[in-house]
Every structure is written in structure tokens, then in C-alpha cells.
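Observations on the three-dimensional arrangement
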2 protein chains.
Amino acid sequence: MKIILLSGGSGKRLWPLSNDIRSKQFIKIFRRPEHCVPMGSEPADEYESMVQRVYRQIKSVDPDAIVTIATSKSQVSAIHNQLGEDVGISVEPCRRDTFAAIALATAYLHDCQGVPADEAVVVCPVDPYVEAGYFKTLEAMCAAAQNGDKKLVLMGVDPTYPSEKYGYIKPDNRHGAGGYTFTEKPTREKAEEYIAAGALWNGGVFAFKLSYVLEKSRELLGTDDYHALFSGYASLRKISFDYAVVEQETSIEVLKYSGTWRDLGTWNTLTESMDGNMVGDVRMNETSVNVHAINELGVPILVMGARDMVIAASPDGILVSDKEQSSYIKPYVDAIDQQIMFAEKSWGSYRVLDVEEDSMTVKVTLNPGHRMNYHSHERRDEVWTVLKGEGRTIVDGMEQPVKPGDVITMAAGCKHTVIAGEGGLQLMEVQIGNDISVADKKKYEWPL
Amino acid sequence: MKIILLSGGSGKRLWPLSNDIRSKQFIKIFRRPEHCVPMGSEPADEYESMVQRVYRQIKSVDPDAIVTIATSKSQVSAIHNQLGEDVGISVEPCRRDTFAAIALATAYLHDCQGVPADEAVVVCPVDPYVEAGYFKTLEAMCAAAQNGDKKLVLMGVDPTYPSEKYGYIKPDNRHGAGGYTFTEKPTREKAEEYIAAGALWNGGVFAFKLSYVLEKSRELLGTDDYHALFSGYASLRKISFDYAVVEQETSIEVLKYSGTWRDLGTWNTLTESMDGNMVGDVRMNETSVNVHAINELGVPILVMGARDMVIAASPDGILVSDKEQSSYIKPYVDAIDQQIMFAEKSWGSYRVLDVEEDSMTVKVTLNPGHRMNYHSHERRDEVWTVLKGEGRTIVDGMEQPVKPGDVITMAAGCKHTVIAGEGGLQLMEVQIGNDISVADKKKYEWPL
């Protein structure tokens, strides 16, 4: 099957593990099934993120599935780092809601990947916490969109309680068989009524032939051309796919999924889905009850006599919260004005270890064979000390091999890059200057 | 007055703020009185440690007080760093209980500081949490030892409840006026009985003329000579001053102190004595009740809906504990096998920022005008990048001035040191080698 995963924006609800540039779907918090952990791997490899979990589930249901991720530029590095280079990415220049995102990704498949207009595709969120049956349903939806007589195929999730948070798909008996009406977030009484009448939760999953959305794009956005959509993206209508397409459509089929279906958007729901209650170096005494602790730091967390709490520590900060209270986290995190201390890049990752007024020290990890951009800074000098691995540096066009202990000094203005060898490479970068900023970076053509 | 402060050993009960080399008395946790905070000082300067608090209290009662601290070698750096160079230190080569410690400090005053044998001195713990009246009582005790007719003057603390944890000084009416008996940790019923009979808590404070303890030293240890005591220290009798001296003495006077008197040995008692409930970057929502949080890290702690908890974060780790549970911390901390991540030295401090298999990165802060030992390492190379301040390095005898951004590389075997200028100096040290250890250090004579 062909599948488009919608990868949503940054979120602060899972601070300190998510932040402005690190979305919740990339937090490695789920224990991998044992057969998926490579021999001799590091302890951290025992865990996978939401996006890795979903990708693995898709591939186990359909090893030939072609996956395209619709997301913003800021997530591209993390996606390649976590899923490898094989996955397709439709980059949204900015956020314009789901209709524009799906239109752009559809045009990307058609124009850039050469997928014929009469082939079906299924679109779903990148981060549902679900069972394998969910992905079997996606396959069935794709088949129904390909071979059935309806234009749009939706997923209805078998409701387990009259939730006030979800959308409902109700069979519309007034108009005879085949019609549906859609309602968002009803009261509990209404929800009970809907469920009694056979309504399902709206899974936010859509299957259709490319031609269907290409036509909607022409109608609503004036074009179905990928490059036109991409270059004019910022001025496209900001409208949801549900509102623009689903709620107007009369030719709809709904396939039902019965099974676990959770939105892991808060610490409370996320910890419910963890297999153990500790990730990282956590020691908990026996008087601690219903506590989940996740530690991304290199030093231990000791928990004694805590109850109903979530504790999370990352290079960005430390959360100690009652589980229920944790859903009110957003304004507190918004009030934290802090620079990003950790980021995944396509070439590896960096972690800020020390910030002084006129210096910053950053640990840089390059994945095997990867390299930084060739770049310079105007207002800071940099010093690299290689910690681990071998590789090559290029400084103002001069290439040289490097090994642990080697020191490379780069004055402001000097162009530089580093390329990791087969074993990867780690270095300590000390930045010195009185106006250090991530914005102070000029990129150049690759020099070789 | 002349005062000997007994500075006890390392403790793990206040982990992660205390550890094997950082004792609880050096944790900066008490808000300084406002008039004691220098203008333009850093936020951290608003807080003082137990030893700083006691030293300040002594000096405000008696500006001419001569203070000597009896302690182990491992605390000398922290004491000079927190109290300056004026304070006398009697270094115990190892721990041999209080009698040997007091005998050594007394001989130090007599032989090294030239204090005449007929002068009185008062000995007290370095870390009582008390009011100014306590130090007035110390003065009165010194005067009584100097001018009175009793050989030994003790402090009796006015008991506020029948504690089972303390020692009691009971007026011994059987033998007529002037005799006392001593009891440790009675049952509650016994304690009530003692208090009804006029008993006081034993404050662990002793005043005497030097000659008194010099004589006891000759009797019990065979010598009162400082150098003999020092060089034979490891084989001295391990016995407490209370048992060896106080309980055998019949010529005793007891002075009473009525006021706050707390042993801040556990997180529970320590947090009760804090002026606010947050130190460092801590944000707490309004649903948190009876929570104390101390943050020594550079990133925020967010606390939501916690109750009756102590939260402490340092470079060594993070504690999240119910206050009552926190008194059972010791075995859990003993089980943490971790290298020291932060230490105060006489010349400044260091903080380990990153540990890899074959490298370690350490941020080094030198106080103004201070310098490291001249030293070398056999099994590691080092790279210094100066972050802040100016100074001089000496590498294999070659001296050179250094400023921010300068890089100094030192291969294994190379002798090196750095001297901070008037503004102090900070540098990032990267150690590279496959057997990095604090033991791998050879010291040399100062080269200039």
C-alpha cells in the first residue's frame, strides 16, 4: 500500500522530552519487541519512538508499503535520523492545516514520485498508539479506495465509551443507506445517543485515489501542480481536510477498526502506554506507587515514596508532576524561555553542555558516514576536540584526517565541516564569541 | 574567643547535594541576610552554606573570634573556598573519633599557633542550626573556662520535648550539687522523667583551658606534641571526647542555651530550616503543597501537584522523595556507583560535563589569582580551551599568557598548570585516553 503519514507540529505538552524543535513523535520511550533489538546494541536502542513504532508496524503488515511523511522542514532531520533515508518526505514550507498538507503530499506522489493518478493512497496520523489490526484496516481501506465504488474511504473506530473529546461518524439514516454526518466533541449525553445509533469515532484516516484529491486541489486551491502548491504554500487556504472535503462528500465508505486506539498527547496517556515504568537510570524504592520516570540524562534519578507521578529529565529540564496535573503543563512550559539544549539532525545530534555569557560548549555526534553542511560563522570562533571515531575535516578548503585528541580551531569567517568515518564520530565544540546565536550561520556549496 | 569547629565527615544523607567529597556543611542552601549580599553579585551568592552561616554568626557576636576548623584533608579546599584563607585548619590525617580530633586541634593551637596553655578554647560542631544566642553562650562558656573554678564547661540545651534521639545532662542530686550524669538516647518515658528532674540536652560543646586537654592527651595518647600526634594519628585510640573525658570528669559547669537548636542531617530537617521553598531555577504550580526544591543545574525544574516532597538536582543526580521517606535514603545512595561530577577545590571548582569511554569533558573554574598544582598525567592527553577571563599557563616550563578562545594541548607526560588573573578564569578541559582516572596525577615543584 501507499501511505501518507501526517506528522504534526512541535508540542510542549510532553516537556521536557518534547520542545520547539523536538516533537513528541520522536521521543524514544517504547520498549522495542525483543527480536527488533540488534545484537550488541546500546541500551538506548532498546527503545523506539512513536514514529519508529508506527513505521515498524506498517512494515510488518506490508513489507512493501511505500511511506511518505508530510511534515515541516524542522522535522526532516529527525525523520531521516530515526527512519533512515528510504522514507519519502513531503516538506510543508509552513503550517496550513490538513487540506493543504494532504493536497501537497498527493501532488508530491503524483508529480515527484510518478505515482499514477488512478492509484489509491491512505492518509493517517504519524502517532496513533494502535495494534497491528489498525494497519490491516489501512490496507483494506486502500483496497476499497482502489477497487470500490466510493470516492472516499474513512476509518471508524469502535467506541469503548461515550468520549466528549473525539469526533463521531454517524450513519445518516434520514437519507437512506450510505450517507454519514460528522460531529466533533459532543456532550456525554449526545455521545451516548450517537453510539446507541451505531456511530463510530472518526479515526482521522482517509483513503482515496490521487485523482480525487488532485481534483479537489484544482477546485479549492486553483492548482494541482506540486511546484505551484509548494511555492505558493504560505498563501493557500488554511482549512482542514475534514471540513473542506469529508463533510461535503456524499460518496463515502467507512471501515471499522476495533482495538487499542490512543492519542498519546499528554504525560498521563503516554505513561499508560509504556511497557515498564522506568526508562534510563532510575532507581525507585518500594514505597513509590504508580510512578513513571524517564531519564535522558547521564546521572541517576532516585525516587522515594512518590505516588501517581510522572518524572521526566532531559537536557532541557526536569518535570516532577502529579499525573493528573500534568495535563495543565502548557502555560508553564510556554513561560520557560530557554534555548534548545538537544536536537537530532539528519547527520546525527548535538547536545548543549554549557552556556556562559560569551561561550557555549556543545557535544556533537555524527552518524557513520554523515557530515555537517560546509558553513561559517561571522561572530564566533570555534574549537573542535575529537572525542571518538575517525573522519575528515575540511577547513577553508583544506582537508585533513582526524582522530581522537585532534584539535581543530576555526576563527570567525572560516569555512568548515567534518565528515564521519564508518564508525561515526564525536567531538566537543567550544564556541567563543560575544553574540553566539544559531542564526549566525552561512552555508556554502560542498567544496570537493 | 578562640573556637574549634569540628567539621564531620562526608555524608550521603543529603544526596545529590552531598557526596563522598562534598559534605552537607558546604551546600549553599540558606538565604543570606540581605545586608550580607555584596552589590552586583551573582544569584548564587544570595545563598550560604551551613559552615558559612555559622562562621558569619560567630563573627557577628565576636568580630575578633579566632576560628580553627578540625577536619579531614578532603575538606580543606572547600573550607578555604567558602571561608577564605584566614581560618585556621587542623587537618586530621584520618578519622579517629572526637577525642583524637580535639587533642590534635588543641596541640595545633598550642604548638603551631602559639596559644598559651592557660588560655581557654571552646569546641563545637561546625553545623548546628542555631540563633545568635548560641554564640553568646559559647563566649560565656569560654569566659567560665578561663576564669571559673571548673575544669570543663558544657552546654546544656533547654529541651523542648522528650526527644529519644539526643543525649541528656542530668544534675546528679545523689552526690550533692555540682555532679552530673550523662545518658544517650533514652526512651520517651525516661526522657520525660529526666526533663522533669531538670535535665538538659547535651549540646556536644566543650570549653576548657588548653592545658586540660594537653594533659588528657599525655594520659590517654602518650603525648601532647602536635607532630607526634599528627604522624601517629592512624594508630591513636578511637574514642569519643564524651566517653574519654566528659563522663569521667567531676569538675564540670553547665551553661544553658535556650533557643533554636537543630541538627540538619536529613532532607526533612534541612528543608524545615530553609527560608523559602525553592533554590535555583524552580517553577512550582499552585497545587504543589509543602514541597522544597533545590536546583543546582542550569535548566529548569517544573513541579506540578506534588505534596510533601523534597526535590534536589545537582550534577551528581536527581532526588524526588516524599519528605518522610527521605530519611531512608542512605542504602539507595550507597548503591549508586558513580564518579564525582562536581567538586570544590581551594583554587576554584570543577564540573564533569560529559563522560565517554575514552574521554571526559570537565569545566574548570579558577578563582581570581588562584592556580592549579603543577602536574602531569601518564595515561591521558588534555586540551584546554579558555572560555572566560585571562591568565597564564605553564606547559613543560614554558609560560604564556592566555585569553578566551586560546587552546592549549598537553600530551600525556607533559607538565602543566594554569594561573588565573584578577578576574578569575574558566576553561573547558577535554581529557582523551583509554584509562582516565583521578589517580593518574603526578605533582611537581612549582616551576618558577
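Right above here is the structure, for reference.
Source: prediction; values computed, not measured. (Residues numbered from 1 in each chain as written. Chains lettered and ligands numbered in written order. Predicted model: local features only at pLDDT ≥ 70, side-chain atom pairs only at ≥ 80, totals over all residues. Heavy atoms only, no water.)

On to the pairing of strand S22 (residues 359-366) of chain A, then. Residue and element names in this part refer to chain A. Where burial is concerned, most of S22 is hidden: 7 out of the 8 residues are buried. Inspection of the sheet shows strand S21 (residues 348-356) paired to S22 by 8 bridges, in the antiparallel sense. The residue bridging Val-355 from the neighbouring strand is Met-360, located in S22. Here S21 folds back onto S22, and the loop between the two strands holds 2 residues. (Buried < 20%, exposed > 50% of the residue type's maximum accessible area, 1.4 Å probe, protein only. Helix = DSSP H or I, 4+ residues; strand = E, 2+ residues; numbered from the N terminus. Pairing = 2+ DSSP bridges.)

A separate point is the pairing of strand S4 (residues 66-72) of chain B. All names here are of chain B. The buried fraction of S4 is high, at 6 of 7 residues. Sheet topology places strand S1 (residues 2-6) next to S4; 5 bridges connect them, and they run parallel. Bridging across to S4, Lys-2 finds its partner in Ile-66. Direction of pairing for S4 relative to strand S5 (residues 88-92): parallel, over a ladder of 5 bridges. Paired with Ile-69 across the bridge in S5 is Ile-89. In terms of handedness, the path from S4 via helix H2 (residues 76-83) over to S5 forms a crossover that is right-handed. (Right-handed = clockwise from strand over helix to strand, strands pointing away.)

Turning one copy of the chain about an axis and sliding it along that axis gives the other copy, so a rotation and a shift relate them. Note on the identical chains: chain A maps onto chain B by a rotation of 180 degrees and an axial translation of 0.0 Å, with an RMSD of 0.1 Å. As the rotation angle and translation indicate, the two copies are arranged about a two-fold axis. Nearest to the rotation axis, the C-alpha of Leu353(A) is located 3.2 Å from it, this being the minimum over chain A. The overlap is high: 100% of the interface residues of chain A also sit at the interface in chain B, so the same surface is used on both sides. (Least-squares fit on C-alpha atoms with pLDDT ≥ 70 in both. Contact = heavy atoms within 4.5 Å.)

Moving on, we come to the interface of chain A and chain B. Every contact between the two is made by 53 residues of chain A and, on the other side, 53 residues of chain B. Counting the surface lost from both chain A and chain B, the interface buries some 4100 Å², and carbon and sulfur atoms represent 67% of this. On the chain A side of the contact with chain B, Leu302(A), Met304(A) and Ile318(A) bury the most area, a combined 17% of that side's loss. Our count for the chain A to chain B interface comes out at 6 salt bridges. Taken together, the links from chain A to chain B amount to 23 residue pairs in polar contact (both at pLDDT 80 or more). Per element, the largest residue contribution to the side of chain A that touches chain B is 6 residues, and it comes from strand S19 (residues 317-322) of chain A. Tallied by class, residues from the side of chain A that touches chain B come to 32 nonpolar, 13 polar and 8 charged. As paired strands, S19(A) and strand S17 (residues 301-304) of chain B are joined by 4 bridges and run parallel to one another. (Buried area = accessible area lost by both parts, 1.4 Å probe. Salt bridge = Lys/Arg side-chain N within 4 Å of Asp/Glu carboxyl O. Polar contact = N/O pair within 3.5 Å; in protein donor to acceptor, adjacent residues only side chain to side chain. Nonpolar A, V, L, I, M, F, W, Y, C, P; charged D, E, K, R; others polar.)

Strands pair in a sheet through their backbones, by hydrogen bonds, and they do so in one of two ways: parallel or antiparallel. Here we have 6 strands laid out as an open sheet, ordered S14(A)-S16(A)-S18(A)-S19(A)-S17(B)-S15(B), and mixed in their pairing. If you trace the sheet from one side to the other, it starts and ends with strand S14 (278-279) of chain A together with strand S15 (282-284) of chain B, each paired once.

With that settled, consider the sheet that holds strand S17 (residues 301-304) of chain A. One open sheet accounts for 6 strands, arranged S15(A)-S17(A)-S19(B)-S18(B)-S16(B)-S14(B); its pairing is mixed. Single-partner strands in this sheet number two, and they are strand S15 (282-284) of chain A together with strand S14 (278-279) of chain B.

So, about the pattern of salt bridges. All told, the structure shown has 38 salt bridges over all chains when counted by the stated rule. The partner of Glu193(A) in a salt bridge is Lys190(A), and the shortest N-O contact between them spans 3.7 Å. Separated by 3 residues within a single helix, Glu193(A) and Lys190(A) lie in helix H5 (residues 188-196), roughly one turn from each other. Residue Glu193(A) is classed as partly exposed on the basis of its relative accessible area, which comes to 47%. Ionic pairing is found between Arg379(B) and Asp435(B), a salt bridge with its closest N-O pair at 3.0 Å. A residue pair is termed long-range when its members are at least 10 positions apart, and Arg379(B) in the loop between strand S23 (374-376) and strand S24 (381-395) and Asp435(B) in the loop between strand S27 (416-432) and strand S28 (442-444) qualify at 56 residues.

Residue and element names in this part refer to chain A. On the secondary structure map, Val-123 appears in strand S6 (residues 120-125). In this structure the C-alpha to C-alpha distance between Val-123 and Thr-68, which are 55 residues apart in sequence, comes to 9.4 Å. Among residues more than four places away in sequence, those in contact with Val-123 are Ile-4, Leu-6, Ile-102, Gly-204, Val-205, Phe-206 and Phe-208.

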